[in-house]
Amino acid sequence: MPPPIAQRSGSSGATSIDGNGSRRPRGRSIPGLAILGLVGAMPLLGAGPSTVGAATSRSPVHIRVDPNVPARSGASLVVPTLDAAIALLRRLHGSRVGDEPAVIDLAGGIHRLAEPVRIDAALGGRPDAPLILRGAPDGSTRLVGSVPLTRVDTPPPPGAAAGQRQRIVGYRLPAAAANQPSIGVHRIHPVPSPPLGLELFDEQGALTPARWPNAGWAKVEMPPARAGSKSGSNAGSDPILLVPRERAESWLAEPDLWVAGYLGQDWSYETLPALAMLPGSGRLALVGQPHYPLRDGDRFFVENALSELDAPGEWWRDAPRGLVFVIPRTGADALEVSVAPSLIAIEGARHVRLEGLTFERTRGDAVIVTGGDDVVLEDCTIRWTGARGLVITGASRSGLRRSVVAETGEDGVVLDGGDRQRLIPSGNFVEDSVIVRFGRLGRTYKGAVDIDGVGMRVIGNLIAHAPHLAMRFQGNDHEIAFNEIFDVVNETSDASAIYTGRDIAAQGTRLTGNFLHDIKPRMGFEVKGIYLDDMASGIKITGNLFLRVQQPLFVGGGRDNEATDNAFVASSPAFFLDGRGEVWAGPPITSSENNVRAAFDQVPATRPPWSVRYPRLAGLLGDEPLAAKRNVFRDNLLIDSEGPRIAEGADPARQTVTGNRRVADAEAARASAASILQTMPARSDRAGFVPLPVDRMDRVSVLSRIPALKRRAGTLLSRDGSP
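Owing to the predicted nature of the structure, the values given are computational and were not obtained by experimental measurement. (Residues numbered from 1 in each chain as written. Predicted model: local features only at pLDDT ≥ 70, side-chain atom pairs only at ≥ 80, totals over all residues. Heavy atoms only, no water.)

Peer 1: Just give me the short version of the overall build of the protein chain, but keep the residues and values in it.
Peer 2: Along its length, the protein chain carries 13 helices and 59 strands. A burial count over the protein chain gives 60% of its 723 residues as buried. Within the protein chain, residue pairs in contact and separated by at least 24 positions form 69% of the contacts whose partners lie at least 6 positions apart. Total accessible area computed for the protein chain in this model is approximately 26,900 Å², and 52% of it derives from carbon and sulfur atoms. (Helix = DSSP H or I, 4+ residues; strand = E, 2+ residues; numbered from the N terminus. Buried < 20%, exposed > 50% of the residue type's maximum accessible area, 1.4 Å probe, protein only. Contact = heavy atoms within 4.5 Å. Areas by Shrake-Rupley, 256 points an atom, 1.4 Å probe, with all protein chains shown as cover.)

Peer 1: Explain the sheet that holds strand β26 (residues 336–338) residue by residue, including any values.
Peer 2: Spatially, β10-β26-β14-β15 is the arrangement adopted by the four strands of the open sheet, whose pairing is antiparallel. The strands lining the two open edges of the sheet, one partner per strand, are β10 (146–148) and β15 (205–206). The pairing of β10 with β26 spans three bridges and is antiparallel. What sits directly across from Pro-148, in β26, is Glu-336. (Pairing = 2+ DSSP bridges.)

Peer 1: Go over the environment of Gly-412, please, and point to the residues and values.
Peer 2: Assignment of secondary structure puts Gly-412 in the loop between β35 (404–408) and β36 (413–417). Given the relative accessible area of 0%, Gly-412 is considered buried. Sequence separation between Gly-412 and Asp-365 is 47 residues; the distance between their C-alpha atoms is 9.5 Å.

Peer 1: Quick rundown of the side chain of Arg-317? Include the residues and the values.
Peer 2: Note that Arg-317 resides in strand β24 (residues 314–318). At a separation of 3.1 Å, a polar atom in the side chain of Arg-317 contacts the main-chain carbonyl oxygen of Ala-177. At 3.4 Å, the side chain of Arg-317 and the backbone oxygen of Ala-178 are in polar contact. The contacts of Arg-317, once residues within four sequence positions are left out, are Leu-173, Ala-177, Ala-178, Gln-180, Pro-181, Ser-182, Ile-183, Leu-198, Asp-256, Asn-304, Leu-323 and Val-324. (Polar contact = N/O pair within 3.5 Å; in protein donor to acceptor, adjacent residues only side chain to side chain.)

Peer 1: Talk me through unusual backbone geometry; I want residue IDs and the actual numbers.
Peer 2: Residue Pro-573 follows Ser-572 across a cis peptide bond; omega there is -20°. In this fold, Pro-573 is placed in the loop between β53 (567–569) and β54 (575–578). With an omega dihedral of 0°, the bond running from Pro-608 to Pro-609 counts as a cis peptide bond. Within the secondary structure layout, Pro-609 lies in the loop between α6 (595–600) and α7 (610–613). With a phi angle near 50°, His-189 is a residue other than glycine that sits in the positive phi range. Phi angles above zero are rare outside glycine, and Val-489 is one such case at about 40°. Along the chain, Val-489 falls in the loop between β44 (484–486) and β45 (495–501).

Peer 1: Talk me through the packing of aromatic side chains; I want residue IDs and the actual numbers.
Peer 2: Aromatic ring pairs are described here by two measures, namely the spacing of the ring centres and the angle between the planes. Considering all chains together, one arrives at 15 aromatic pairs under this definition. Considering the side-chain rings of Trp-267 and Tyr-292, the 5.2 Å spacing of their centres and the 80° angle between planes classify their relative orientation as edge-to-face. In this pair, Trp-267 is assigned in the loop between β20 (257–262) and β21 (269–276) and Tyr-292 in the loop between β22 (283–286) and β23 (299–303), connecting sequence segments 25 residues apart. The same class applies to Trp-267 and to Tyr-292, which are both buried. Judged by centre distance (5.8 Å) and plane angle (45°), the ring pair of Phe-568 and Phe-633 falls under tilted. Pair noted here: Phe-568 is in strand β53 and Phe-633 is in strand β55 (residues 632–634), with a separation of 65 residues, a long-range link. Exposure remark for Phe-568: the relative accessible area of 0% places this residue in the buried category. Judged by relative accessible area, which is 0%, Phe-633 ranks as buried. Cluster of aromatic residues (ring-pair linked, three or more members): Tyr-445, Tyr-499, Tyr-531, Phe-554 and Phe-576. A cation over an aromatic ring shows up here: Arg-299 above the ring of Trp-217, its NZ or CZ 5.5 Å from the ring centre. (Phe/Tyr/Trp six-rings, centres within 6.5 Å; stacked < 30°, edge-to-face > 60°. Lys NZ or Arg CZ within 6 Å of the ring centre and 35° of its normal.)

Peer 1: So, the sheet that holds strand β16 (residues 208–209): which residues are in play, and what are the values?
Peer 2: Spatial strand order, β11-β12-β25-β24-β16: five strands in an open sheet with mixed pairing. A strand with exactly one partner marks an edge of an open sheet, and here the two such strands are β11 (150–152) and β16. With three bridges connecting them, β11 and strand β12 (residues 169–172) associate as antiparallel partners. The residue of β12 that forms the bridge with Arg-151 is Tyr-171.

Peer 1: Quick one: what's the story with the nonpolar core, residue by residue and with numbers?
Peer 2: If you look at the biggest cluster of nonpolar residues, it comprises 87 residues, and the most contacted ones within it are Leu-82, Ile-104, Ile-344, Leu-354, Phe-359 and Ile-485. Of all the elements, helix α2 (residues 82–94) adds the most residues to this core, at seven residues. Counting residues in each nonpolar core, the second largest holds 20 residues, with Val-243, Ala-274, Leu-294 and Phe-300 among its members. (Core = buried A, V, L, I, M, F, W, Y, C linked by side-chain atoms within 4.5 Å.)

Peer 1: Report on the confidence of the model for the protein chain, specifying residues and quantitative values.
Peer 2: Atomic detail in the predicted coordinates should be set aside for any region of low pLDDT. Residues at a pLDDT of 70 or more form 88% of the protein chain, whose mean pLDDT is 89. Across residues 226–234, confidence stays below pLDDT 50; counting only partners more than four residues off in sequence or on other chains, it has 12 contacts. (pLDDT = per-residue confidence, 0-100.)

Peer 1: Can you tell me about the environment of Ser-281, naming the residues and giving the values?
Peer 2: Relative to the helices and strands, Ser-281 resides in the loop between β21 and β22. On a C-alpha basis, the gap between Ser-281 and Arg-245 in space is 6.6 Å, while along the polypeptide they are 36 residues apart.

Peer 1: How would you explain the environment of Leu-143 if you had to name every residue and give the values?
Peer 2: Along the chain, the position of Leu-143 falls in strand β9 (residues 141–144). C-alpha of Leu-143 to C-alpha of Leu-106: the two residues are 37 residues apart in sequence and 9.5 Å apart in space. Each residue touching Leu-143, except ones within four places of it in the same chain, is listed here: Leu-82, Leu-106, His-111, Leu-113, Leu-343, Ile-344, Leu-357, Thr-358, Phe-359 and Glu-360.

Peer 1: Tell me about α2, and please be specific about residues and values.
Peer 2: Helix length check: α2 (13 residues) gives 18 Å between terminal C-alpha atoms against 18 Å at 1.5 Å per residue, within 8%. Buried within α2 are the following residues: Leu-82, Asp-83, Ala-84, Ala-85, Ile-86, Ala-87, Leu-88, Leu-89 and Leu-92. (Expected span 1.5 Å × (residues − 1).)

Put into structure tokens, the structure is as follows:
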């Protein structure tokens, strides 16, 4: 597994696009509103005497955003764009009339943005009166980072396949999309990617750049090694792939060809530009070295080749002419292209609420929160992003609640905050939300939730349908509880649903009451449920339920981990521990060249508050630092599951394995997830096992009782199609 790589976030200036695709520069005048001349006369802006103490009792300033209503003032303020509303609010604050709480109501329908709308510290609210951006009550308000495309009567270039030409339709791209240097970006591991060049959408969702093969994967075949080089190494030069000659020939003129796949490892998805080589050679060169050396048999595909435009839902960009050629899906020829890098950027603001809004179709991250405090998204939907959904860094008490995140290009939500040197928690959170089909463009280390820092909460969420992990946590003292996770790591190996590793000081996290089920590898692969990788230590795993999970608890050489009162059903081996710190090759933790040691040296482990919070960690280097020791596997229930397995290098005598009960029950292995939840109390009672809180584990049932979430999630909260 690769070492964790620091997260980044970014944002940029603000303009908007109206319904006709015209740009509206930020800060323009607002038609029909002599706004500064009116602020003193507006009843909502504080009629009668006012004092600081009376401010909390004032009615809020209401600004309505409605592109279809002329701008006006009076009892309410109406402006055509969210940019205009923010500009108005800023001017009200500047005129010292804006002490009152503010509510920006956005009308139902589409609000188009070309650049993120910025909310800074000056626009934040108060604890008792936050700044609120609120959508229509029926959930129809959409902040959209795409614009419609206009169809053109232009035939595709000669390179299009003869049998497909009648199906191919041309569209004119706006300059923002036509001028992008490439359609794609380099993606690798947890490194967040910059906004991609462009992506096309119809009413069903994102379309796909024309690719080979249309589905599944091709397999890497490398040319014979040159004299004096290692066989198949491709070392020292851009790697070369052998591909069918007729295809390589058809790709020769492609200026923006991309290769994507599991290059070098089955847990390492990467995208790289490529070039077809000399005519007749049947060779494709990657532009740049992949992170890991290529191997014969690695899975990959090629995209953005005109000759591969042969299936509904595929497209190819003709950059010189500013066109895109598409084979539309049936009944879906109204297309849009993403132009906005992101939609909302909240920077240093306090007490902000985004309520009942949908954010979609961005080239990059949808919503970015940097610094500040108490910034919360509630009853929102985030979908079809080119990168991440919601990114919160350096903030406190901020997060996502009762919302849906789906079809993100990379992570669903990123939480990073708190003061790790002083172990001060951030209080950031993701609660009672549905997060599915994330990591669709960057497929590895792009989880539903990625957390770092101190004191995050990930509680009560439904997480499913992803090629790699559901959750990655680094840092200290997080709470991960009552989440239902299934159908993840479904195309990768040596991977897990929940992952942490390579930082022995990242201790204190509690995983409680989670329900992991139906996490199984494809043929020839192996996966885990919870993976404490490469010396991860000091983690408590209590009261969780595992159903049909391969290797549900896997500890890679760590210490002081505790797994108690968990239930394992058809999940084997229930607990695995190895001693990699003592037996694996590479620099040991006592060496400054060791990744785990480098992470340990970044924290003040021998000084308070660290030495008080983690007294054993303070003495690590004098306490057999290579050894896997003091791990606990106690009072667990194993139903039709194998018992603990302790591998080479880990001494069983240094672990505590006691009080576990094994029950043979083949019927349980075949039961549905819902059935297991219903019958677990009886099964636990028969085995003398402490009952699990199953009433909180079935998130499909629990979340479906939240009206706003049920409306937004729709079929995502159904059991249909789920194990």
